[in-house]
Amino acid sequence: MPSAPAQRHPWRTWACIALLLLALAQSLSGLPAPGRGWLDAQLADLRLGLSMPRTRDTRVVIVDVDEASLQRLGRWPWSRARIAQLVRELTGRQQAAVLGLDALFAEPEAGLSGPASGGDPAPDDELARALAGAPVVLGYYFSSERDARRTGQLPAPLAGQTPWPRLLHWSGYGANLAVLTHAAAAGGFFNAVTDSDGVVRSVPLVAGFDGALYESMSLAMLRLGLGGAALGLGTDEAGGRTVRLQGATQSLLIHLDARGTVPVPYRGAGGMRGGSFQYLSAADVLSGRLPAGSLRGRYVLLGFTAPGLMDVRATPAGEAFPGVEVHANLIAGALEGRLVHRPPWAATYELAVLLLLGVLFIAVLPRLGLGGALALGGGAVLALLALDSVLYRGAHLLLPLAGPLMLVVATLVVNLALGFGVERRARHRLAVQFSSYVPPELVRQMQRDPRRYDMQARTEELTIMFCDLNGFTSLAETLPPAELQALLRELLERLSGVIARHQGTIDKYMGDCVMAFWGAPVANPRHARQAVEAALDIRAAIQAFNAERAAAGHGALAVGIGLGTGPVAVGNMGTALRRTYTVIGDAVNLASRLEGLAAGYGVDVVASQATMEQAGAGDFVWQELDRVRVRGRRQAELVYTVHGPAGDATPQRDH
């Protein structure tokens, strides 16, 4: 009997092949599959959440224009003189390595709050003087609206660098006053990339505009913080885009994707209570409460948490995340080497993983049952997650995971669905095949594991019964056909019911004779005992039937039962035109011959010696009848009749 489901149900193998080809085609085309982009984003967030250090980075400090600062110093925007004072305090007395102003000064000062220093008629010039020679990065933004305006003065682009085709390009900008832009050491855009779900997961480090390349505020701050490090764009060994900052004492290598972006390595929750960075109130800094040199060598960002001024972003680390902390996290992550990137060979890696999984599933999955399939699928998922974790944490690689996981789940679901359908069809087919032969309880037992049962011929030791009505032929000559038919149907129903109760399999009806056997298709080591018990119950059923006939004025009927036990061939026998589930062998012939001897010995049951021994010589009241040589056998056979169960006070004896 074949045992490999893949051989019997090849469509499960074809389903695995089809799903693999679909996954490979989607990966090669680069087209987004339904739900894949969302799953990729969620998996990226999960990786990030599990790797967040949730500790404070002391190298980056945020000077906060908070509500207390507005209450003490007046509403925003403050005068340029006050901003100049803040710049001098942070870059001079506090000795910050670099100061990034996450604010825009696009218009000249006009009636702003706060006194102008020394009555200077040009307050913007005073801020420009404070910026001159100080390590300050002015922020600005790019825009890409259809009617994008260009206001203010852009800083100089990166010298000798040109954009590449897939790099983010912009068509407009909002920048600072020219006098401030020229005075500042550097300028950088503070744009972020918002995904389709509104979450900021990455930011561009460089961007293209009018054929030139510009740096972000975070990159400019890193460059100045490393002492005006030389910036170089290049490629790594795999051909991926890189930015290298070469300082006097430290160098950084940052990998970019094709758009010039990098994932933000968030440290934890944002804001003052998040604990990722130190927050200092701008009012406290301006009042001189901070000891001199407290920010020596630090990367300082001017940000806003006051109501109405706070730049809030949705990020994987929080739905209301301060925008200034996006830059802070990027700077901190670059300094400590926590930036992850997607290498150029990520697509090849995904194809290799898909092929490996596909071959494994095609070869193994169709051969497994429910438990094995779930174990294989679960093991594949765990292996994928473990490999991804090693590459993410150890090599800082952000590799495709959604596609392989979707292949595992889809293949598992489809195979389980097909397997369930196959099992249902197998159970139904089994029920149809055997319901005419065996009792319903045996059919239900077979349906629990249909692969164990089929109609293929095999050799088994069984007990066979032939049960015939004595004198039925002469009775038939005296009864009308309809009455004869009703009598025969009622008799056969009673005999069949007894056989079914004792878990026998009805082979066939031959006129007034019933042929049955025990031990197949469901194996039963008690087949001889159950056959003997069925014979005794048939005797009782005929006696009850005769009592009913006597009350109606009809004559009695008698049965002859022959029982034989031995090895026989059992299975589907016949030709393509007609097949039947039956038994063939010496024990069948013996049972038929013994049934014919019953009337001659004046008993209703004649059993072979093998039947008597296997049924239990001490469990029933047996009587040896004779040693006979039945037709077709050379050796004489001891035959017995059974009167009833052992210990029965009034066993029924035949006379």
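Before any of the text, the structure's been laid out above.
For every chain, the first residue of its written sequence is number 1, and the numbers climb from 1 along that sequence. Since the coordinates come from a predicted model, pLDDT governs what is reported: local features require at least 70, and pairs of side-chain atoms require 80 or more to be given and counted, while whole-chain, interface and lining totals use all residues. Heavy atoms throughout the structure, all of them, feed into the side-chain values; hydrogens and water do not.

A.B. asks: I'd like a rundown of the sheet that holds strand S13 (residues 251-255), residues and numbers included.
C.D. replies: Two strands make a pair as long as DSSP finds a minimum of two bridges between them. Starting at the N terminus, helices and strands are each numbered in turn, a helix being any DSSP run of H or I of at least four residues and a strand any DSSP run of E of at least two. Read from one edge to the other, the open sheet built from three strands follows the order S11-S12-S13, with strand pairing classed as antiparallel. Lying at the two open borders of the sheet, with one neighbouring strand each, are strand S11 (230-235) and S13. For this sheet the average axis-to-axis angle between neighbouring strands, irrespective of direction, equals 20°. Here, two residues are considered to be in contact whenever any of their heavy atoms come within 4.5 Å of each other. Fitted lines through C-alpha atoms give the axes, limited to the stretch in contact for helices. The angle between two N-to-C directions lies from 0 to 180 degrees. Lying on the sheet, helix H8 (residues 217-225) is in contact with S11, strand S12 (241-246) and S13; it crosses S12 at an angle near 30°.

A.B. asks: Could you give an account of empty space enclosed by the protein, naming the residues involved and the relevant values?
C.D. replies: We place a 1 Å grid over just the protein atoms. Points where a 1.4 Å probe fits but has no way out form a cavity, open points with protein on both sides within 12 Å along at least 5 of 7 lines form a pocket, and any residue with an atom within 4 Å of a point lines it. Grid points are joined across faces, edges and corners, and a volume is the space filled by probe spheres set on the points. Within this structure, the stated rule accounts for three cavities of 30 Å³ or more. Taken as a whole, the largest cavity encloses approximately 50 Å³ of empty space. Listed by contribution, the elements that provide at least two residues to the lining of the largest cavity are strand S3 (136-143) and strand S6 (186-189). Grouping the constituent residues of the lining of the largest cavity by class yields six nonpolar, four polar and no charged. Side-chain classes are defined by residue name, with Ala, Val, Leu, Ile, Met, Phe, Trp, Tyr, Cys and Pro counting as nonpolar, Asp, Glu, Lys and Arg as charged, and the others, Gly among them, as polar.

A.B. asks: Let's hear about the pairing of strand S26 (residues 637-645): which residues, and what values?
C.D. replies: Note on classification: 1.4 Å probe, protein chains only; a residue is buried when its accessible area is under 20% of the maximum for its type, exposed when over 50%, partly exposed between these limits. A large share of S26 lies buried, amounting to eight of its nine residues. In terms of strand pairing, strand S24 (residues 605-608) meets S26 through two bridges, oriented antiparallel. By the bridge assignment for S26, alanine 607 is matched with tyrosine 640. Pairing analysis gives eight bridges linking strand S25 (residues 620-628) to S26, with the strands arranged antiparallel.

A.B. asks: Describe the nonpolar core, naming the residues involved and giving the relevant values.
C.D. replies: Take the buried Ala, Val, Leu, Ile, Met, Phe, Trp, Tyr and Cys residues and link them wherever side-chain atoms come within 4.5 Å; each set so joined is a nonpolar core. Formed by 52 residues in total, the largest nonpolar core has its most connected members in Leu222, Tyr266 and Tyr299. Secondary-structure elements contributing two or more residues to this core are strand S1 (60-65), strand S8 (200-204), H8, S12, S13, strand S16 (299-304) and helix H10 (323-335). Ranked by residues supplied to this core, first place goes to H10 with eight residues. Once you skip the residues sitting within four places of it in the chain, tyrosine 266 turns out to touch Leu48, Met52, Pro53, Val200, Thr315, Pro316, Ala317, Phe321, Val326, Asn329 and Arg338.

A.B. asks: I'd like to hear about the pattern of salt bridges, residue by residue, with values.
C.D. replies: Salt-bridge detection follows one rule: a side-chain nitrogen of Lys or Arg within 4 Å of a carboxyl oxygen of Asp or Glu. If you walk through the whole model with that rule in mind, you get 27 salt bridges. Between glutamate 215 and arginine 223 there is a salt bridge, with its nearest N and O atoms 2.6 Å apart. The burial state of glutamate 215 is the same as that of arginine 223; both residues are buried. Residue aspartate 507 is joined to lysine 508 by a salt bridge in which the shortest nitrogen-to-oxygen separation is 2.6 Å. Overall, aspartate 507 belongs to the buried group, its relative accessible area being 4%. Where salt bridges share partners, they join Asp57, Arg59, Arg267, Glu336 and Arg338 into one cluster.

A.B. asks: Give me the lowdown on the environment of alanine 531, citing residues and values where you can.
C.D. replies: Position of alanine 531 relative to the elements: it lies in helix H17 (residues 527-551). Placed 27 residues apart in sequence, alanine 531 and glycine 504 show a C-alpha to C-alpha distance of 7.4 Å.

A.B. asks: So what about the sheet that holds strand S7 (residues 193-194)? Which residues, and what values?
C.D. replies: Strand order in the open sheet made by the three strands is S7-S8-S14, with antiparallel pairing throughout. Only two strands of the sheet have a single partner each, and these edge strands are S7 and strand S14 (261-263). Pairing analysis gives three bridges linking S8 to S14, with the strands arranged antiparallel. Bridge pairing in S14 links serine 202 to proline 263.

A.B. asks: So what about the packing of helix H3 (residues 36-51) against helix H12 (residues 370-395)? Which residues, and what values?
C.D. replies: At a closest axis distance of 11 Å, the pairing of H3 and H12 adopts a crossing angle of 60°. With respect to their mutual orientation, H3 and H12 come out oblique. You can see that H3 and H12 cross each other, and the crossing is right-handed. Counting all contacts with H3, which are made through Arg47, Leu48, Leu50 and Ser51, the residues of H12 involved are Asp388, Tyr392 and Arg393. The class makeup of the residues in the contact of H3 with H12 is three nonpolar, one polar and three charged. Orientation labels follow simple angle bins: below 35 degrees gives roughly parallel, above 145 gives roughly antiparallel, 65 to 115 gives roughly perpendicular, and whatever is left gives oblique. Should the near helix be turned anticlockwise from the far one by less than a right angle, the crossing is termed left-handed; should it be turned clockwise, right-handed.

A.B. asks: Hey, could you go over the packing of aromatic side chains for me, with residue numbers and the actual values?
C.D. replies: Each pair of aromatic rings taken from Phe, Tyr and Trp, with Trp reduced to its six-membered ring, is defined by centres within 6.5 Å and is described as stacked if the planes are under 30 degrees apart, edge-to-face if over 60, and tilted in the remaining cases. In this structure the tally under the stated criterion is 13 aromatic pairs. Judged by centre distance (5.2 Å) and plane angle (80°), the ring pair of tyrosine 266 and phenylalanine 321 falls under edge-to-face. Of this pair, tyrosine 266 sits in the loop between S14 and strand S15 (278-281) while phenylalanine 321 sits in strand S18 (residues 318-322), and the two are 55 residues apart along the sequence. Owing to a relative accessible area of 1%, phenylalanine 321 belongs among the buried residues under this scheme. Pairing phenylalanine 620 with tryptophan 622 gives two aromatic rings, centres 6.1 Å apart and planes at 75°, and the pair type is edge-to-face.

A.B. asks: Quick one: what's the story with the side chain of histidine 527, residue by residue and with numbers?
C.D. replies: Note on placement: histidine 527 falls in helix H17. A distance of 2.7 Å separates a polar atom in the side chain of histidine 527 from a polar atom in the side chain of threonine 463. Polar contact is defined as a pair of N or O atoms within 3.5 Å, subject to the rule that within protein one atom must be able to donate a hydrogen and the other to accept it, and that residues adjacent in sequence are counted only when both atoms are side-chain atoms.

A.B. asks: Describe in detail unusual backbone geometry, supporting the description with residues and values.
C.D. replies: The omega angle of the peptide bond from tryptophan 76 to proline 77 is 10°, so this bond is cis rather than trans. Within the element layout of this structure, proline 77 appears in the loop between helix H4 (67-73) and helix H5 (80-93). Cis rather than trans, the peptide bond between alanine 520 and proline 521 has omega equal to 0°. For proline 521, the location among the structural elements is in the loop between strand S21 (513-518) and H17. Phi at aspartate 210 is positive, roughly 50°, even though this residue is not glycine. When you line up the elements, aspartate 210 lands in the loop between strand S9 (206-209) and strand S10 (212-215). Aspartate 210 sits in the exposed class, given a relative accessible area of 55%. In this structure, histidine 396 takes a positive phi of about 55° despite not being glycine. Within the element layout of this structure, histidine 396 appears in the loop between H12 and helix H13 (402-434). Assessed through its relative accessible area of 29%, histidine 396 is described here as partly exposed.

A.B. asks: Report on the environment of proline 291, specifying residues and quantitative values.
C.D. replies: Counting through the fold element by element, proline 291 comes out in the loop between helix H9 (282-286) and S16. Classification of proline 291 by relative accessible area gives exposed; the value is 52%. Placed 197 residues apart in sequence, proline 291 and glutamine 94 show a C-alpha to C-alpha distance of 7.7 Å. Sequence-distant contacts of proline 291, defined by excluding residues within four places in its chain, comprise Arg93 and Gln94.

A.B. asks: Help me get a handle on the packing of H5 against helix H6 (residues 123-131), residues and values and all.
C.D. replies: Between H5 and H6, whose axes approach to 8 Å, the crossing angle comes to 10°. Regarding the angle of H5 to H6, the classification is roughly parallel. Across the interface between the two elements, Arg80, Ala81, Ile83, Ala84, Val87 and Arg88 of H5 pack against Pro123, Asp124, Glu126, Leu127, Ala130 and Leu131 of H6. In terms of residue class, the contact of H5 with H6 is made up of eight nonpolar, no polar and four charged.

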